[in-house]
Amino acid sequence: KQAGVGFIRFFDLDEDRETKHYRRIWLEVENGFKEGEFELFYQPKINMRTGEIVGAEALIRWHHPQKGLVMPDSFLPFIERSYLSETLDKWVIVQALNQLSEWRSMGLEWQLSINITSRSLQQAHFVSNLAKRLKEYGTELAPYLEIEVLETSALEDMEHVIAVIGQCHALGISFALDDFGTGYSSLQYLRDLPVDIIKIDQSFVRKMLHDPNDLSIVGGVISLCRVFNRQVIAEGVETAEHGEVLLLLGCDFAQGYGIARPMDAGALMVWQAQWQVKPFGLVHNQAMFG
Ligand code: C2E
Ligand code: MG
Ligand code: MG
Ligand code: MG
């Protein structure tokens, strides 16, 4: 009995410590937004057959005053289930619309994908907030905006997510199913979720050159996307070889370190000026990767 009481006490203490740890991070993040410590980086996406830049994915970075550049994996898990997920997503939407306006004023007809937390997606006013922002920045931007939703969060409340996708489609915004293959990936989801594009998770792409099972999965997903009339993009394209295999398998688009790493808006302009628009597997050789 005594041990039981001790155990309970120990457990409470631990939980208390965890709550404090979360609270500290929340305060830091909240303050970080106020102080302008966050920035969106952009990773280009290309059409594999033509080599053209079709757009970019926005990826958040935190310029922490003490820790320097902090990557999303080290703070998002603490905030994406909290009230701060809305602060984050609202900020991302405004930044993305700003960036899209800027690109358009430069004559760049690029799409911009943003990652949205599942918590925001479940919020009743998500679409109305998005529509309000679009009105502010210009509804003509809508076809250039794409929302990436994790396969795992789309499945949390399928019916609601299907409705949200429909409402966003009505505004002109497209949807991508992110990290495909890491959730349940059933045929039923592929059939019922009205997403425009499937993003094959990078874990399969990375291993496909060495593991025949992963190669089959990637080939299978690409074929399924054909059947269900969805576009398909591969993440984690790290080398020319990845690109060549994906092109042979019929993949539409590619994103990965082999093409470019995520970078700030200024660096992206320098990079795009140097990018050579050529079909992927044929002309791009090792020299272009590195
Ligand atoms: P994600 O949406 O699947 O984004 C792709 C991640 O893979 C990015 O990591 C990107 O830098 C990385 N990546 C791209 N190409 C390669 C490659 O060839 N090799 C390897 N090893 N990695 C590659 P990052 O920027 O660290 O973001 C991690 C995750 O954090 C994202 O995964 C996304 O789920 C989340 N995230 C990032 N930015 C945001 C944001 O603004 N809002 C929300 N809600 N989530 C975000
Ligand atoms: Mg993503
Ligand atoms: Mg992904
Ligand atoms: Mg991911």
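Everything numeric in this text was worked out from a predicted model, so none of it was measured.

Quick word on the pairing of strand 4 (residues 111–115)
Where strand 2 (residues 53–64) and strand 4 come together, 3 bridges link them in parallel fashion. Bridging across to strand 4, Ala56 finds its partner in Leu112. Of the pairings in the sheet, the one linking strand 4 to strand 5 (residues 145–150) comprises 4 bridges and is parallel in character. Residue pairing in the sheet places Leu112 in a bridge with Leu145 of strand 5.

Thoughts on the site of ligand 1
Around ligand 1 sit 26 residues in total, of which Arg61, Asp178, Gln202, Glu238 and Tyr257 are the nearest. Between ligand 1 and Glu57 there is a distance of 3.0 Å, counted from an oxygen atom to a side-chain nitrogen or oxygen. Arg206 has a polar side-chain atom sitting 3.3 Å from a nitrogen atom of ligand 1. Alone, ligand 1 offers 800 Å² of accessible surface; in the complex the protein occludes 88% of this. Because more than half of its atoms lie within 2 Å of the grid, ligand 1 is assigned to the largest pocket. When residues in the shell around ligand 1 are grouped by element, the largest group, 4 residues, is from strand 2. Among the residues making up the shell around ligand 1, the classes are represented as 10 nonpolar, 6 polar and 10 charged.

A word on the confidence of the model for the chain
For the chain, the mean per-residue pLDDT works out to 90, and 91% of the residues sit at or above 70. Every residue in residues 1–6 scores below 50 in pLDDT, and together they form 0 contacts with partners more than four places removed in sequence or on other chains. Predicted confidence is poor over residues 282–290, with pLDDT under 50, and the contacts of this stretch with residues over four places away or in other chains come to 18 contacts. The ipTM for the predicted assembly is 0.99, set against a pTM of 0.93.

Things to note about the pairing of strand 8 (residues 231–234)
Judged from the 4 bridges that link them, strand 7 (residues 197–200) and strand 8 form a sheet pairing that is parallel. Across the sheet, the residue bridging to Ile197 is Gln231, located in strand 8. As defined by bridge partners, strand 8 adjoins strand 9 (residues 253–254) across 2 bridges and the pair is classed as parallel. What sits directly across from Ala234, in strand 9, is Ala254.

Comments concerning the coordination of the magnesium ion (ligand 3)
Taken together, the protein ligands of the magnesium ion (ligand 3) are Asp178 (OD), Asp179 (OD), Glu235 (OE) and Glu235 (OE), with distances of 2.0 to 2.7 Å. Taken in chain order, the donor set of the magnesium ion (ligand 3) reads D-D-x55-E. In this structure, the magnesium ion (ligand 3) lies 4.0 Å from the magnesium ion (ligand 2), and both are coordinated by Asp178. Taken together, the residues Asp178 in strand 6 (residues 174–180) and Glu235 in the loop between strand 8 and helix 11 (240–249) connect sequence positions 57 residues apart.

Some details on the pattern of salt bridges
Scanning all chains against the criterion turns up 15 salt bridges. Here Glu148 ties to Lys45 by a salt bridge, and the two come within 3.3 Å at their closest N and O atoms. Of this pair, Glu148 sits in strand 5 while Lys45 sits in strand 1 (residues 38–47), and the two are 103 residues apart along the sequence. A salt bridge links Glu57 to Lys199, with the shortest nitrogen-to-oxygen separation between them at 2.9 Å. Placement of the pair is Glu57 in strand 2 and Lys199 in strand 7, with a sequence separation of 142 residues. In this pair, the class of Glu57 matches that of Lys199, namely buried. The network of salt bridges with shared partners includes Lys45, Glu57, Glu146, Glu148, Lys199 and Glu235.

Analysis parameters
Residues numbered from 1 in each chain as written. Chains lettered and ligands numbered in written order. Predicted model: local features only at pLDDT ≥ 70, side-chain atom pairs only at ≥ 80, totals over all residues. Heavy atoms only, no water. Pairing = 2+ DSSP bridges. Helix = DSSP H or I, 4+ residues; strand = E, 2+ residues; numbered from the N terminus. Near = heavy atom within 4 Å. Polar contact = N/O pair within 3.5 Å; in protein donor to acceptor, adjacent residues only side chain to side chain. Areas by Shrake-Rupley, 256 points an atom, 1.4 Å probe, with all protein chains shown as cover. 1 Å grid on protein atoms, 1.4 Å probe; cavity = no way out; pocket = protein on both sides within 12 Å on 5 of 7 lines; lining within 4 Å. Sits in = over half its atoms within 2 Å of the grid points. Nonpolar A, V, L, I, M, F, W, Y, C, P; charged D, E, K, R; others polar. pLDDT = per-residue confidence, 0-100. Contact = heavy atoms within 4.5 Å. Donors = N, O, S within 2.8 Å, 3.2 Å for Na, K, Ca; no water. Salt bridge = Lys/Arg side-chain N within 4 Å of Asp/Glu carboxyl O. Buried < 20%, exposed > 50% of the residue type's maximum accessible area, 1.4 Å probe, protein only.

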